[in-house]
Amino acid sequence: MRTLLRISDRIGAAVVGIGRVAAWSAIVLVAVILFDVVSRRFFALGSSKLQELEWYLHTVLFVFCLGLGYVHDTHVRIEILSERLGQRTRCWIEVAGCVLFLIPFCLIVIYYSGELTHRSWLKGEVSSSATGLPYRWIIKAALPAGMTVLLAAAVSVLLKRIVMLARPDLCPPKATAGHDGLGAPPDGAE
């Protein structure tokens, strides 16, 4: 069980590192949007490349930070229901959700978006705008890569929940004290 916990921690640390690096794209995104708005408004300069770069950056920000959000348990939950459940019940629900929904979903998206990216690369797909960005396959590749990060996050959380169910004594004290990627704060039940 300690090995599973170490593997979970290493995978989780990698996911967090990728998410933190990707989060910096928000600053670049804001700068590009500001430049685009100011140049359009005051200098009548329009650029398809800037607009496409905005959605490229938004895509990178979104898909590479999904795993970070999942590892830190900041994803949307129905708190009114889950807060009434005990720690073990929440762990079982998380395990079932990972195994039945999240992991299969990630694998399906990785497969099909990987094919889409490959076809785009083979065709040398470019923007439909004459002045747009070339190499459309690069942004399409962000989807399978981001889903791979989310898949890694799911495996990390799954392993941690398995350890919590089998050997709660191995989990650090803060793991049962509140939000740290291990679920909602315990209600003292179970």
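This text follows the structure it describes.
Caption draft 1: Representation of unusual backbone geometry within the structure. Even without a glycine there, the phi angle at Asp73 is positive, about 60°. With respect to the helices and strands, the residue Asp73 is situated in the loop between helix H3 (48–71) and helix H4 (79–82). Phi at Tyr135 takes a positive value of approximately 55°, unusual for a residue other than glycine. As for its position among the elements, Tyr135 is in the loop between helix H5 (87–123) and helix H6 (136–166). The exposed category is assigned to Tyr135, whose relative accessible area is 51%.

Caption draft 2: Quick look at the pattern of salt bridges. Considering all chains together, one arrives at 4 salt bridges under this definition. One salt bridge connects Glu52 with Arg136, and the closest N-O pair in it is separated by 3.8 Å. On the criterion of sequence distance, the pair formed by Glu52 in helix H3 and Arg136 in helix H6 is long-range, its members being 84 residues apart. Arg136 shares its class with Glu52; the two are buried. Across the pair Glu125 and Lys140 runs a salt bridge whose closest N-O atoms are separated by 2.8 Å. In this pair, Glu125 is assigned in the loop between H5 and H6 and Lys140 in helix H6, connecting sequence segments 15 residues apart. A relative accessible area of 22% places Lys140 in the partly exposed class.

Caption draft 3: The arrangement of the nonpolar core in detail. Membership of the largest hydrophobic core comes to 30 residues, with the highest contact counts inside it found for Phe64, Tyr70, Leu102, Ile103, Cys106 and Leu150. Taken together, the elements giving at least two residues each to this core come down to helix H1 (2–23), H3, H5 and H6. In terms of residue count, H6 provides more of this core than any other element does, 12 residues in total.

Caption draft 4: Quick look at the side chain of Glu125. With a relative accessible area of 19%, Glu125 lands in the buried category. For Glu125, the side chain forms a polar contact with the side chain of Lys140, separated by 2.8 Å. When sequence neighbours within four positions are dropped, the list of residues in contact with Glu125 reads Ser120, Tyr135, Arg136, Trp137 and Lys140.

Caption draft 5: Region of the structure containing the environment of Gly46. Within the secondary structure, Gly46 sits in the loop between helix H2 (25–43) and H3. Note on Gly46: relative accessible area 54%, which makes it exposed. Spatially, the C-alpha atom of Gly46 lies 7.4 Å from that of Asp36, the residues being 10 residues apart in sequence.

Caption draft 6: Looking closely at the packing of aromatic side chains. On inspection of all chains with the given rule, the structure shows 2 aromatic pairs. Judged by centre distance (4.9 Å) and plane angle (70°), the rings of Trp55 and Tyr56 are edge-to-face. The class of Tyr56 is buried, set by a relative accessible area of 10%. An angle of 85° between the planes, with centres 4.9 Å apart, marks the rings of Tyr111 and Tyr112 as edge-to-face. By relative accessible area, which is 49% here, Tyr111 ends up partly exposed.

Caption draft 7: Structural view of the side chain of Glu54. With respect to the helices and strands, the residue Glu54 is situated in helix H3. For the buried Glu54, no salt bridge is present, and the opposite-charge side chain at shortest range is Arg40, 6.3 Å distant. Apart from the residues within four sequence positions on either side, Glu54 is in contact with Leu29, Val32, Ile33 and Asp36.

Caption draft 8: Quick peek at the packing of H1 against H3. Orientation of H1 relative to H3, taken along the N-to-C sense of each, is 145°, at an axis distance of 8 Å. Remark: the crossing between H1 and H3 carries left-handed chirality. Taken together, the residues of H3 that come into contact with H1 (itself represented by Gly12, Val15, Val16, Ile18, Gly19, Arg20, Ala22 and Ala23) are Val60, Leu61, Phe64, Cys65, Gly67, Leu68 and Val71. Grouping the amino acids of the contact of H1 with H3 by side-chain chemistry returns 11 nonpolar, 3 polar and 1 charged.

The rules behind the values
- Residues numbered from 1 in each chain as written.
- Predicted model: local features only at pLDDT ≥ 70, side-chain atom pairs only at ≥ 80, totals over all residues.
- Heavy atoms only, no water.
- Helix = DSSP H or I, 4+ residues; strand = E, 2+ residues; numbered from the N terminus.
- Buried < 20%, exposed > 50% of the residue type's maximum accessible area, 1.4 Å probe, protein only.
- Salt bridge = Lys/Arg side-chain N within 4 Å of Asp/Glu carboxyl O.
- Core = buried A, V, L, I, M, F, W, Y, C linked by side-chain atoms within 4.5 Å.
- Polar contact = N/O pair within 3.5 Å; in protein donor to acceptor, adjacent residues only side chain to side chain.
- Contact = heavy atoms within 4.5 Å.
- Phe/Tyr/Trp six-rings, centres within 6.5 Å; stacked < 30°, edge-to-face > 60°.
- Lys, Arg positive; Asp, Glu negative; His and termini not counted.
- Axes fitted to C-alpha atoms, helices over the stretch in contact; angles between N-to-C directions.
- Left-handed = near helix turned anticlockwise from the far one by under 90°.
- Nonpolar A, V, L, I, M, F, W, Y, C, P; charged D, E, K, R; others polar.

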